[in-house]
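Examination of the molecular architecture
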Amino acid sequence: QVATSGCPPSLTTNPKSGKIDNNCKYSNEYALSEILRLKPSVVILAQVDYHEDVDWEKIAIKLKNIGVKNVILIGPVPQYKPSLPTIYVRKYWDKNIEYLDAGLDNKILDTNDYLSQKYSNSKSINHISLINYLCNSNGCKAVLDLQSKDLLLVDYGHLSPNGSLLIGKYIINK
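A brief look at the structure comes next. Since the model is a prediction, treat every value here as computed from it, not as a measurement.

Counted by the stated rule, this structure contains four aromatic pairs. Between Tyr88 and Trp93, the ring centres sit 6.1 Å apart and the planes meet at 75°, which makes this aromatic pair edge-to-face. With a centroid separation of 3.8 Å and 10° between ring planes, the pair formed by Tyr133 and Tyr170 is classed as stacked. Of this pair, Tyr133 sits in helix α5 (residues 130-134) while Tyr170 sits in helix α6 (residues 161-173), placing them 37 residues apart in sequence. Overall, Tyr170 belongs to the buried group, its relative accessible area being 16%. Taken together through their ring pairs, the aromatic side chains of Tyr88, Tyr92 and Trp93 make up a single cluster. Note that Lys149 overlies the ring of Trp93, its terminal NZ or CZ placed 5.8 Å from the centroid.

Below is the structure:
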């Protein structure tokens, strides 16, 4: 993994501000240099937000041009306001609820729709939707195990260790 906290994948600017952020610029240049050095056949791209502001196709083409065979864009995980643990403990702990829509940030669902539509026929990038995997008409998977109350997330949108294992297995099987 080559990443810097708060620095989304980019070839030029920080999508959050539209400006060049020297820390993020360095981080992304370093990532590209490591890709050139290591020559991986697969590169996985992911970030927490502002997916619509990134030209994922341009990044994928750049990676393909330097020898990457498969570029995978992992879509966002469900996100909750204020946080999944807070919502679940306060209102749902004593109920047998596996999927939850209370507090779900609907902007993430819109982002998922945008990415799915934009990259569904891309020849450069393979988009994997975690929302399509984790969510249904009752909301999104909040609890991995109803007996232990093992949650998918540790806060508003970061996977728990077991949540990470679930997602990792899903991605490997795609």
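The structure having been displayed, the exposition proceeds.
On to the sheet that holds strand β5 (residues 135-136), then. In space, the three strands of this open sheet follow the order β3-β6-β5, with antiparallel pairing throughout. The open sheet has two free edges, formed respectively by β3 (99-100) and β5, since each of these has just one partner strand. Note that β5 and strand β6 (residues 139-141) share two bridges and pair antiparallel. Opposite Asn136, over in β6, you have Gly139 as the bridge partner.

Quick notes on the rules
Residues numbered from 1 in each chain as written. Predicted model: local features only at pLDDT ≥ 70, side-chain atom pairs only at ≥ 80, totals over all residues. Heavy atoms only, no water. Phe/Tyr/Trp six-rings, centres within 6.5 Å; stacked < 30°, edge-to-face > 60°. Helix = DSSP H or I, 4+ residues; strand = E, 2+ residues; numbered from the N terminus. Buried < 20%, exposed > 50% of the residue type's maximum accessible area, 1.4 Å probe, protein only. Lys NZ or Arg CZ within 6 Å of the ring centre and 35° of its normal. Pairing = 2+ DSSP bridges.

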